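Residue-level structural notes
In case you want the letters, here they are:
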Amino acid sequence: MFDFVKDLWDFMRIRKKLWLAPIIIVLVLLGTLIVFVQGSALAPFIYTIF
């Protein structure tokens, strides 16, 4: 897993694609939010956002 993150960071740094970092971070945070809230009482409120 850490090799993938390191390779992705090297790709973005070398090819000057650092603008992708905030997009990737937001997507990962939204994904983890959906996974952790899926079984709780907050799930209906989260799914109305999307």
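Fair warning: this is a prediction, and the values are worked out from it, not measured in the lab.

Turning to helix α1 (residues 2–14), a few remarks are in order. Over its 13 residues, α1 extends 18 Å from the first C-alpha to the last, a length consistent with the 18 Å expected when each residue adds 1.5 Å. In the segment just after α1, K16 is the residue with positive phi, at about 60 degrees.

Okay, unusual backbone geometry next. In the Ramachandran plot, K16 falls in the positive-phi region, its phi being about 60 degrees despite a non-glycine side chain. Relative to the helices and strands, K16 is located in the loop between α1 and α2 (20–37). Take K16: its relative accessible area is 67%, and that puts it in the exposed class.

Applying the stated criterion across every chain, the model contains two salt bridges. A salt bridge links D10 to K6; the shortest N-O distance between them is 3.0 Å. Pair noted here: D10 and K6 are both in helix α1, with a separation of four residues, about one helical turn. Residue R13 is joined to D10 by a salt bridge in which the shortest nitrogen-to-oxygen separation is 3.2 Å. Within this pair, R13 and its partner D10 are both found in helix α1, separated by three residues, close to a single helical turn. Given a relative accessible area of 43%, R13 falls into the partly exposed group. By sharing partners, the salt bridges in this structure join K6, D10 and R13 into a single network.

How each quantity is defined
Residues numbered from 1 in each chain as written. Predicted model: local features only at pLDDT ≥ 70, side-chain atom pairs only at ≥ 80, totals over all residues. Heavy atoms only, no water. Helix = DSSP H or I, 4+ residues; strand = E, 2+ residues; numbered from the N terminus. Expected span 1.5 Å × (residues − 1). Buried < 20%, exposed > 50% of the residue type's maximum accessible area, 1.4 Å probe, protein only. Salt bridge = Lys/Arg side-chain N within 4 Å of Asp/Glu carboxyl O.

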